[in-house]
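# Coordinates in review
Listed below, chain by chain, are the residues.
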Amino acid sequence: QASLVESGGGLVQPGGSLRLSCAASDQSFRSLAMGWFRQSPGKEREFVATISGVSSATLVADSLVGRFSISRDRFKSVLYLEMNNVQPEDTAVYYCAARNARVMKRSVSEYVHWGQGTQVTVSS
């Protein structure tokens, strides 16, 4: 069964940077829309960013534009989330996800493949 595995989480100081990675076990993910979501304790899982399955088009949550960016290495089937100038409110478990389609979507319900998540903690 195809899987997604996140890595790169950890403890980072406010104002610092972090890059999360998501490795897909199946080459079929190369043509699927993929995204990053995050979930803090007591809160619903929320959209962070998504990338098209067929182009370099991306969408980032309005509140994160300018600090977060999403990219992918199609050859290696790896998805990335670049996080800059992180703040304590960015503390969450970050999840990688993939749709069974090529079009980008922001909704959690549109994604059918999920990784196990990686914890990001922003604290001094």
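Preceding this paragraph is the structure being described.
Our subject in this report is the structure included herewith. (Residues numbered from 1 in each chain as written. Predicted model: local features only at pLDDT ≥ 70, side-chain atom pairs only at ≥ 80, totals over all residues. Heavy atoms only, no water.)

### Some details on unusual backbone geometry
The general pattern is negative phi for most residues beyond glycine and trans for most peptide bonds. Stated precisely, the cut-off is as follows: A helix here means a DSSP run of H or I that spans at least four residues, while a strand means a run of E at least two residues long, and both kinds are numbered starting from the N terminus. Here's how the labels work: a residue is buried when its accessible area is under 20% of the maximum for its type, exposed when over 50%, partly exposed in between, all with a 1.4 Å probe on protein chains only.
Phi at Ser77 is positive, roughly 55 degrees, even though this residue is not glycine. As for its placement among the helices and strands, Ser77 is situated in the loop between β7 (68-73) and β8 (78-83). Positive phi, close to 45 degrees, is recorded for Asn85, a residue that is not glycine. Given a relative accessible area of 39%, Asn85 falls into the partly exposed group.

### Observations concerning the pattern of salt bridges
Which entries qualify depends on this criterion: The term salt bridge refers to a pairing of a side-chain nitrogen on Lys or Arg with a carboxyl oxygen on Asp or Glu at a separation within 4 Å.
Summed over all chains, the structure comprises 4 salt bridges. Notably, a salt bridge pairs Arg38 with Glu46, separated by 2.6 Å at the nearest N-O pair. What makes Arg38 buried here is its relative accessible area of 8%. By relative accessible area, Glu46 is classed as partly exposed at 37%. By sharing partners, the salt bridges in this structure join Arg38, Glu46, Arg67 and Asp90 into a single network.

### Things to note about the state of the cysteines
Note the cut-off: Criterion for a disulfide: a pair of cysteine sulfur atoms at a distance within 2.5 Å.
This structure, assessed with the given rule, holds 1 disulfide. Each sulfur in the disulfide pair Cys22 and Cys96 lies 2.0 Å from the other. The chirality of the disulfide connecting Cys22 with Cys96 is left-handed, given an S-S dihedral of about -70 degrees. Here the residue Cys22 occupies a position in strand β3 (residues 18-24), and Cys96 occupies one in strand β9 (residues 92-98), the gap between them amounting to 74 residues. Cys96 matches Cys22 in its accessibility class, with the two residues each being buried.

### Considering the pairing of β8
Just so we agree on the cut-off: A pair of strands counts as paired when DSSP detects no fewer than two bridges linking them.
Of all 6 residues that make up β8, 5 are buried, and the element is covered over most of its length. In this structure, β3 lies alongside β8, joined through 6 bridges in antiparallel fashion. What sits directly across from Leu18, in β8, is Met83. Joining the antiparallel neighbours β7 and β8 is a turn of 4 residues, in which Ser77 adopts a positive phi near 55 degrees.

### What about the sheet that holds β7?
Which entries qualify depends on this criterion: Between the N-to-C directions of two axes lies an angle of 0 to 180 degrees, each axis being a line fitted to C-alpha atoms and, for a helix, fitted only over the stretch in contact.
Strand order across the open sheet formed by 4 strands is β1-β3-β8-β7, with antiparallel pairing between neighbours. The open sheet has two edge strands, β1 (4-7) and β7, and neither has a second partner. Ignoring strand direction, the axes of neighbouring strands in this sheet form an average angle of 20 degrees. Where β7 lies against β8, 6 bridges are found, and the strand directions are antiparallel. Counted as the bridge partner of Asp73 is Val78 from β8.

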